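Structure assessment
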Number of protein chains: 2
Amino acid sequence: MPGQKTRQWILSNPPQANPVFTGPNATFSLRDSTLPSPGPDQLLVKILFLSNDPAQRGWIQKGIDPERLYVPPVQQGEIMRSFAIAEVLESKANTVNQGQLVMGTFGWTEYAVVDAKEARPIQADPSSGIRATHFIGALGVTGLTAYNGLIDVARTTAADTVVVSGAAGATGSMAVQLAKNVLGCKKVIGIAGGAKKCAFVESLGADVCVDYKSPSFVADLKKATEGFVQVYFDNVGGDILDLMLTRMARHGRVAACGAVATYNSLGEGGVKNWFEIIANRIEIKGFIILDAIESGKAEQWMGELVKAVKEGKIRVGPETETVVGTRFEDVPTTWGMLFEGGNTGKLVTEIKA
Amino acid sequence: MPGQKTRQWILSNPPQANPVFTGPNATFSLRDSTLPSPGPDQLLVKILFLSNDPAQRGWIQKGIDPERLYVPPVQQGEIMRSFAIAEVLESKANTVNQGQLVMGTFGWTEYAVVDAKEARPIQADPSSGIRATHFIGALGVTGLTAYNGLIDVARTTAADTVVVSGAAGATGSMAVQLAKNVLGCKKVIGIAGGAKKCAFVESLGADVCVDYKSPSFVADLKKATEGFVQVYFDNVGGDILDLMLTRMARHGRVAACGAVATYNSLGEGGVKNWFEIIANRIEIKGFIILDAIESGKAEQWMGELVKAVKEGKIRVGPETETVVGTRFEDVPTTWGMLFEGGNTGKLVTEIKA
């Protein structure tokens, strides 16, 4: 059988600031390729959905020191890396069948030949409202990241008041639900951009959501955090993090998950309220979900997330993901929506034929 | 018996940036006062030595929010707060005798009337080289702070490579000795200002001390920290902290002890390399020695410090403290030396008659 033809998006110009989607300096470029036939224990898969994650921005940063990143950066000329859900078209492995859905780090490609051990079979469960896309969202690295930061890193309990930034986003919306509906935290405060997103966050269970685009944001956040907070789940970094350092209770814990506010900037600003960390004995911990996956901890957490969904404590309906039907040639621009703050919940690309 | 007359330094103008020692806007002003006679369980003491600590700068910051500081700020019109060693001139308490040496938070005053329970008796031991001043230094809050940060907060072990900033200072010089001579750490790297201080730090046991005033500082620090470091004991904050975030090993720990580089500035700069905390899962913990004193942990640590001194593992000789003979009217300017980086080891004011 001749090799499968496919289009692939490759990293052509690693960006220093904002990624560029058109013109001669475009960050990515499209190429045609022919795949080899799958060998023993390999699969030929067709990509159905792509996961869009702020972390991908870090993987392509120009000049990043490979020693300092948690995964090897994507090299110039390589296929853009991405989590994905695919259908198995052809299997040379005993453990996986043709027609099965699998997830893995397949990248921005229409088709791929992958080792079966790099493809995790997934099972949608429509009666519980669990769709395939949830395995790259609420029940995948996104939900696991929320669990990791909130429960493992920040050791959050029902007695705590919790603030979640990026609360309408993929990880944030899961963190809010976990805090309020699973842990039963005393008070859960979301931070999101715009009235619509804030209403969404409150609909998930947050006691209040503060709009960072409002001119009264600083006063609103101070009011919402009166008495100070024990836990801050930080998805954004930058100025909001700096402000939150002044709102942490003594011995408060910050789960440092992301810094999307700074990914496309050139290191302007910076955290000025560092002394708060000392004076109020604040603990900051950075974390990356890959550690929990590698150590096996994530398996148990995944089970707890599925249970919470089945018990109705976590909503994974259409409102916690934004699935954008996308022609393959528009894959990069759909990803770019992440940085415009347009989506609520997980931003998923559905590849249209 | 008539009340003891005394001079006292009071906080007259809380500073926003650099403290001012002369003129109408001077930070402190001198006043004459007459003390009451000591009541039951009280002492009349004569101050012999004052402890000079960067933390005192925070206690007098203009406009600081009392809710956010770990101790009540010093109020305008109050005596400047300071740890001190004093001699008991008169005792109305059964537990303390006249002539005994005591330490406590007596402040910038020549004489004070204090509750006996606020005065901790101390005992010099010349045969072990332990002098009274060591109880506000190597064997007091300074040494305990080094112990707290290095061993309790950062959980340092012999397998770790450790960087200590402000390494020629009071806390830093103790942290270097604890790391190298008590814990036996794999490699101990000091950061200090100038060749003389660096030589001092290396004489304490550091494998190398890097001079932050050298034009090749960044390259020198990178070289010294090749392979990255597990523990950073941070006394300075600011740019050096920012650089150190790029030199931490994965899962490295930062004990956030002080930020003297920023105390007299108006929040310029700021920490830009926050993303390193996430990508390399760095843990940052602020701490204040008062917690360990209140919880009783510090008692045991003090015993270990005294033992290490007696075993010759920690040097507390004259080279680890700078005792400055000072007329009472010059107490503020001696304290101001802290921010000029002039002293090595603990800066102690000895009050001259």
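Just above sits the structure.
Read on for a plain summary of the structure.

Rules and cut-offs
Residues numbered from 1 in each chain as written. Chains lettered and ligands numbered in written order. Predicted model: local features only at pLDDT ≥ 70, side-chain atom pairs only at ≥ 80, totals over all residues. Heavy atoms only, no water. Helix = DSSP H or I, 4+ residues; strand = E, 2+ residues; numbered from the N terminus. Rg over C-alpha atoms; globule rule 2.2 N^0.38 Å. Buried < 20%, exposed > 50% of the residue type's maximum accessible area, 1.4 Å probe, protein only. Contact = heavy atoms within 4.5 Å. Areas by Shrake-Rupley, 256 points an atom, 1.4 Å probe, with all protein chains shown as cover. Lys, Arg positive; Asp, Glu negative; His and termini not counted. Charge placed at Lys NZ, Arg CZ, Asp CG, Glu CD. Core = buried A, V, L, I, M, F, W, Y, C linked by side-chain atoms within 4.5 Å. Buried area = accessible area lost by both parts, 1.4 Å probe. Salt bridge = Lys/Arg side-chain N within 4 Å of Asp/Glu carboxyl O. Polar contact = N/O pair within 3.5 Å; in protein donor to acceptor, adjacent residues only side chain to side chain. Nonpolar A, V, L, I, M, F, W, Y, C, P; charged D, E, K, R; others polar. Pairing = 2+ DSSP bridges. Least-squares fit on C-alpha atoms with pLDDT ≥ 70 in both.

1. Some points on the overall build of chain A
In terms of helices and strands, chain A carries 10 helices and 15 strands. Taken over C-alpha atoms, the radius of gyration comes to 20 Å for chain A, in line with the 20 Å a tight globule of 353 residues would show. Within chain A, the proportion of its 353 residues that are buried is 55%. Restricting the contact set of chain A to residue pairs at least 6 apart, pairs at least 24 apart contribute 69%. With the model as given, the accessible surface of chain A reaches about 14300 Å², and the carbon-plus-sulfur share is 52%. With 35 positive and 36 negative side-chain charges, chain A shows a spacing of 4 Å between the two charge centroids.

2. Concerning the nonpolar core
Counting 226 residues, the largest nonpolar core has I284(A) and I284(B) as its most contacted members. The residues touching I284(B), leaving out its near neighbours within four places in the chain, are W274(A), I277(A), I282(A), E283(A), I284(A), L245(B), V254(B), A256(B) and I277(B).

3. A closer look at the interface of chain B and chain A
Each side of the interface is counted separately: chain B has 39 residues, and chain A has 39 residues. Overall, the association of chain B and chain A removes approximately 3400 Å² of surface from exposure, summing both partners, and the carbon and sulfur fraction of that is 57%. Among the residues chain B hides against chain A, the three largest losses belong to R68(B), W274(B) and I278(B). Together they make up 25% of the total. Viewed at the interface, chain A and chain B are joined by six salt bridges. A salt bridge links R281(B) to D291(A), with the shortest nitrogen-to-oxygen separation between them at 2.7 Å. Joining chain B to chain A, the criterion identifies 18 residue pairs in polar contact (both at pLDDT 80 or more). Put simply, the parts of the chain that give the side of chain B that touches chain A at least two residues each are α6 (238-245), β12 (248-256), α7 (274-279) and β13 (283-286) of chain B. Here the side of chain B that touches chain A takes six residues from α7(B), the largest share from any one element. Of the residues belonging to the side of chain B that touches chain A, the class tally is 20 nonpolar, eight polar and 11 charged. Inspection of the sheet shows strand β13 (residues 283-286) of chain A paired to β13(B) by three bridges, in the antiparallel sense. Across the sheet, E283(A) pairs through a bridge with K285(B), a residue of β13(B).

4. Let's talk about the relation of the copies chain B and chain A
The operation relating chain B to chain A is a screw motion whose rotation component is 180°, with 0.0 Å of axial translation and a residual RMSD of 0.0 Å. The two molecules are tied by a two-fold rotation axis, judged by turn and shift. Take the interface residues of chain B: 100% of them recur as interface residues in chain A, which is what a same-surface contact looks like.

5. Observations regarding the side chain of T349(A)
Residue and element names in this part refer to chain A. Tracing the chain through its elements places T349 in strand β15 (residues 346-352). On the basis of relative accessibility, which here comes to 0%, the residue T349 falls in the buried class. Side-chain polar atoms of T349 contact the side chain of N52, separated by 2.8 Å. For T349, the residues in contact, after removing those within four places along its chain, are L48, F49, L50, N52, V324, T326, V331 and T334.

6. Focus: the environment of D125(A)
All names here are of chain A. Along the chain, D125 turns up in the loop between β7 (120-121) and α2 (141-153). Beyond its immediate chain neighbours, meaning those up to four positions away, D125 contacts I130 and K310. One polar contact links D125 to S127, side chain to side chain, over a distance of 2.8 Å.

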